[in-house]
Amino acid sequence: MDHYDPSPKALRTLMTMYWSAQGWRTPPVTPAPADLGRAVAAGVMFDRKRSGGHDEWVAAARRTAAQTSAREVGDAFLESLGSRRLDLRSALGSYAVARALPDHGCEIRPGNPWCVVCGQYPESAEDLDILNFERFKWGGVRHYQVPYAAFDLEQFARAPRRGPDPEDMRLARELVEVLRGLPPGVPKGRAAAAIGMLPGNRDQRDVLLDVLALAGIWRAGWCSPAAELLAGPDRPDPAPMWGVDERALREYLPALCQPGAAAGTPEPILRVPRR
Ligand SMILES: [Zn+2]
């Protein structure tokens, strides 16, 4: 498996294409052919869009999820905390979505141009550069879109990784302790501020919370785990739940479990009755 080069030098063309010190570049800056060639050779940019039908993207997402494990994306999430390798952080959210994705055909209902199961259009042509930009810049922003989840997990298989180091683990333990201490109903902004000890900016911390919520590790009320979001168009609305879900934590990030939180112990998660 060929790896891509995640160094700032290799990423410079991709990052400056879409972003400046003032924010988004609209329209994006077209790179010089030589710069584009180097970025493509480094594996971080792409020379064409990728078209696919609904079923192709679903199959790609499910296939890549089956080739990855919860522990593998969990370890990459941990490594992202101190290293600021946001590309490694993204895979946890995409894995949670892709794993929960049922094998299904495009189900269009009257009045909806997209599939009611997964939200995809029947056909799409994806600009892989912008997906990769978002991946490296924020840890992804559209994990819930099937083409992104498929692309992200394919890239994850090509991502150089060293595994979490002691500083990553220290940050991770602090992160989970802070999340455990947050009150039910805490707004996302306050939760993001509470994890300000993590290297990165506010937008990156926002995405981090989304990723944990999609994986079901942190039950936040305002974002359901992917497994519930993809339970089908006619699913009952689940009651909001709050807190760190020890069962999901054990699956993805076992090193961070509370002592004694072995399989079979009661979940310390708080279920808040609907008003
Ligand atoms: Zn669908």
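Going along each chain's sequence as written, the residues are numbered from 1 onward. Reporting in this predicted model follows two pLDDT cut-offs: at least 70 for local features of residues, and 80 or more for side-chain atom pairs to be given and counted; totals over whole chains, interfaces and linings ignore these cut-offs and use all residues. Side-chain metrics rest on all non-hydrogen atoms present in the structure, leaving aside hydrogens and water.

**A short note on the overall build of the protein**
Segments assigned H or I by DSSP are reported as helices when at least four residues long, segments assigned E as strands when at least two residues long, and all are numbered from the N terminus. Helix and strand counts for the protein come out as 12 helices and 7 strands. With respect to the three principal axes, the spread of C-alpha positions in the protein is 60 × 50 × 35 Å. Any residue under 20% of the maximum accessible area for its type is buried, any over 50% is exposed, and the rest in between are partly exposed; the area is computed with a 1.4 Å probe on protein chains only. Here the protein holds 275 residues, and 49% of them are scored as buried. Restricting to contacts in the protein with at least 6 residues of sequence separation, those with at least 24 account for 69%. Only carbon and sulfur atoms are counted for the fraction: they give 54% of the accessible area of the protein, which is about 13000 Å². One finds the centroid of the 35 positive side-chain charges in the protein at a distance of 4 Å from the centroid of its 34 negative side-chain charges. Contact definition: two residues touch when any of their heavy atoms are within 4.5 Å. Here the open area of atoms and residues is found with the Shrake-Rupley method and a 1.4 Å probe, where only the protein chains shown may cover a residue. Residues counted as positive are Lys and Arg, residues counted as negative are Asp and Glu, and His and the chain ends are not counted. A single reference atom marks each charge: NZ on Lys, CZ on Arg, CG on Asp, CD on Glu.

**What about the coordination of the zinc ion?**
We call an atom a donor if it is N, O or S and sits within 2.8 Å of the metal, or 3.2 Å for Na, K and Ca. Water is not counted, so some sites may look partial. All of the protein donors around the zinc ion are H54 (NE2), H104 (NE2), C115 (SG) and C118 (SG); their distances to the metal are 2.1 to 2.3 Å. Look at where the donors of the zinc ion fall in the sequence and you get H-x49-H-x10-C-x2-C. Remark: C118 occurs in the loop between α5 (86-100) and β4 (123-126) and H104 occurs in the loop between α5 and β4; sequence separation between them is 14 residues. Judged by its relative accessible area of 14%, H104 falls in the buried class. For C118, a relative accessible area of 5% translates into the label buried.

**Examining the packing of α5 against helix α6 (residues 128-138)**
An axis is simply a line fitted to the C-alpha atoms; with a helix, the fit covers only the stretch in contact. Between two such axes, the angle follows the N-to-C directions and lies from 0 to 180 degrees. Orientation of α5 relative to α6, taken along the N-to-C sense of each, is 105°, at an axis distance of 6 Å. Taken together, the axes of α5 and α6 are roughly perpendicular relative to one another. Two secondary-structure elements touch here, α5 through L86, D87 and S90 and α6 through R135, F136, K137 and W138. Each residue is assigned to one of three groups, with Ala, Val, Leu, Ile, Met, Phe, Trp, Tyr, Cys and Pro labelled nonpolar, Asp, Glu, Lys and Arg labelled charged, and all others, Gly among them, labelled polar. Class assignment for the residues of the contact of α5 with α6 results in 3 nonpolar, 1 polar and 3 charged. Each angle receives one of four descriptions, namely roughly parallel if under 35 degrees, roughly antiparallel if over 145, roughly perpendicular if within 65 to 115, and oblique otherwise.

**Structural notes on the pattern of salt bridges**
Any Lys or Arg side-chain nitrogen located within 4 Å of an Asp or Glu carboxyl oxygen qualifies as a salt bridge. According to the stated counting rule, one finds 21 salt bridges in the structure shown. With a shortest N-O distance of 2.9 Å, E167 and R170 are connected by a salt bridge. Taken together, the residues span about one helical turn, with E167 and R170 both in helix α8 (residues 166-181) at a distance of 3 residues. Take E167: its relative accessible area is 37%, and that puts it in the partly exposed class. The network of salt bridges with shared partners includes R162, D165 and D168.

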